[in-house]
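Working through the structure, step by step
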Amino acid sequence: FLRPEEPTTRLLSEIFRYLEPELRGFLGVCNKVHPFGCLQVLVTLSDSVFEMWGSSSAPPSSFLNAVLGNVLLLAKSSFNKCIGTLCKEIEEAKVPSKMKGGLLPSVSRFEEFVAFSEEVFRTARRRGELDKAHLRLASSVFSSISSLSSANLKVNTDMVMMENFHHIHCFLCQRKIHCLEDKKREAKQRYSEHMERYVIKHLGQPLEKLNHFFEGVKARLAQGVKEEEVSFQLAYSKQELRKVLEKYPGKEVRRALETLYRKIHKDLSPEENLLPVVWHAMEQELIHQYQEFEDLIQRCYAGSGIAMDFTVEDLLSYFNSITLSN
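Conventions and cut-offs
- Residues numbered from 1 in each chain as written.
- Predicted model: local features only at pLDDT ≥ 70, side-chain atom pairs only at ≥ 80, totals over all residues.
- Heavy atoms only, no water.
- Helix = DSSP H or I, 4+ residues; strand = E, 2+ residues; numbered from the N terminus.
- Expected span 1.5 Å × (residues − 1).
- Buried < 20%, exposed > 50% of the residue type's maximum accessible area, 1.4 Å probe, protein only.
- Arc of directions from axis to C-beta.
- Contact = heavy atoms within 4.5 Å.
- Axes fitted to C-alpha atoms, helices over the stretch in contact; angles between N-to-C directions.
- Parallel < 35°, antiparallel > 145°, perpendicular 65-115°, else oblique.
- Left-handed = near helix turned anticlockwise from the far one by under 90°.
- Nonpolar A, V, L, I, M, F, W, Y, C, P; charged D, E, K, R; others polar.
- Phe/Tyr/Trp six-rings, centres within 6.5 Å; stacked < 30°, edge-to-face > 60°.
- Polar contact = N/O pair within 3.5 Å; in protein donor to acceptor, adjacent residues only side chain to side chain.
- Salt bridge = Lys/Arg side-chain N within 4 Å of Asp/Glu carboxyl O.

The protein carries the name EXOC1 protein in an unreviewed UniProt entry, which gives Xiphorhynchus elegans as its organism.

Spelled out as structure tokens, the structure:
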């Protein structure tokens, strides 16, 4: 027993037997003309099939629905191959040999695809395939940035990673793509982590010998030496502390901070405009270090009259004047 539509379907299949091959050929042409050409085909076919499935005049068993369904599967396959190729391209992107900071090629490639695809899918009824692609690509670009830690860069790795994760976070904040909310939060976290590492690594420079001395004091305390007995340790005596403090008069600290500011200014790319943020983070970290040093002096060298040549207020003044003069 044949259903009424089957003779019609057979007749249409005979009359339009070249329709599916032509559509397949058209998809191939689209892929050749533009690397992301399959996106527009995918959206158009998905919407067409979606409309047909919801239409009583064109049930799912119809000839046209079958043809478009087959081509849609091919379009999805082409789309997945396109995303796979792009993921590989992003993960294997080479860092420019003369890179001085700024945006990585993999980040630019990711943003280019997201901007293009969001425009193509702007009116699409379904975007499940695109959301999956976005997540795959975001993972690839995060992996690409993270691989910098093992790259032989001539610039500070933490600085480059900080700038690129910051850029991605800002980009995703602007785009407001629901499926990438977790990636947006991760980018912010990674950006903050690398900024902290960049700050702490460079802050060893202005007060390096003080840092080294008080790290030794903290190590003795951790080993069980009593606070009042630390100053009787030969390497951490009051005389040794005075020698170290003499190397850091206020003028010298300010000069060291000026040198540090110029170094940071040279490191950071102007496009991301992170200099004020990093400089403020360094100010906060240095004040934290100062307060820690002051606390250790009061605890382990009580009554000695020993004090640093500069105060917290002096530090704030140094940072502010350096910012205003640059």
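1. Here's the deal with helix H13 (residues 312-324)
Between its terminal C-alpha atoms H13 stretches 18 Å, which fits the 18 Å expected from 13 residues at 1.5 Å a residue. Those residues of H13 lying buried are Val312, Leu315, Tyr318, Phe319 and Ile322. Projection of H13 onto a plane perpendicular to its axis shows the buried side chains occupying an angular sector of 120 degrees, all on one side. The exposed set on the far side of H13, more than 90 degrees from its buried face, consists of Glu313 and Leu324. Residues of H13 that are buried sit in contact with helix H11 (250-267) and helix H12 (275-300).

2. Here's the deal with the packing of helix H9 (residues 208-222) against H12
Any two packed helices are characterised by the angle at which their axes cross and by the distance between the axes. Between H9 and H12, the shortest axis-to-axis distance is 11 Å and the interhelical angle comes to 50 degrees. Here H9 is positioned oblique relative to H12, judged by the angle of their axes. The element H9 and its partner H12 pack so that their crossing is left-handed. Note on element contacts: H12 touches H9 through Gln289, Glu292, Phe293, Leu296, Ile297, Arg299 and Cys300, opposite Leu210, Asn211, Phe214, Val217, Lys218 and Leu221. In the contact of H9 with H12, the residues fall into eight nonpolar, two polar and three charged.

3. Quick look at the packing of aromatic side chains
One pass over the structure, following the stated rule, counts eight aromatic pairs. With a centroid separation of 5.3 Å and an interplanar angle of 75 degrees, the aromatic rings of Phe142 and Phe165 are classed as edge-to-face. With a gap of 23 residues between them, Phe142 in helix H6 (residues 128-146) and Phe165 in helix H7 (residues 157-175) connect regions that are remote in the sequence. Each member of the pair, Phe142 as well as Phe165, is classed as buried. Judged by centre distance (5.5 Å) and plane angle (45 degrees), the rings of Tyr290 and Phe310 are tilted. Here Phe310 lies in the loop between H12 and H13 and Tyr290 lies in helix H12, a separation of 20 residues in the sequence.

4. A word on helix H8 (residues 181-203)
Its 23 residues place the ends of H8 33 Å apart at the C-alpha level, agreeing with the 33 Å of an ideal helix rising 1.5 Å per residue. When H8 is considered as a whole, its buried residues turn out to be Lys183, Lys184, Ala187, Arg190, Tyr191, His194, Met195, Tyr198, Val199, His202 and Leu203. Here the buried face of H8 lies against H6, H7, H9, H11 and H12.

5. A closer look at the side chain of Ser304
Residue placement: Ser304 occurs in the loop between H12 and H13. In terms of polar contacts, Ser304 uses its side chain to reach the backbone carbonyl oxygen of Tyr301, at 2.6 Å. In this structure Ser304 touches Lys238 and Arg242, once residues within four positions along its chain are discounted.

6. Focus on unusual backbone geometry
Although it is not a glycine, Lys176 sits at a positive phi angle of roughly 55 degrees. Within the secondary structure, Lys176 is located in the loop between H7 and H8. Despite not being glycine, Asn273 shows a phi value in the positive range, around 55 degrees. Topologically, Asn273 is positioned in the loop between H11 and H12. On the basis of relative accessibility, which here comes to 54%, the residue Asn273 falls in the exposed class.

7. Some remarks on the pattern of salt bridges
Following the criterion strictly, the structure yields 19 salt bridges and no others. Of the charged contacts in the structure, one is a salt bridge between Glu112 and Arg109, with a shortest N-O distance of 3.1 Å. With Glu112 and Arg109 both in helix H5 (residues 105-120) and three residues apart, the pair spans about one turn of that helix. In this structure, Lys243 and Glu240 form a salt bridge, with 3.5 Å as the shortest nitrogen-oxygen distance.

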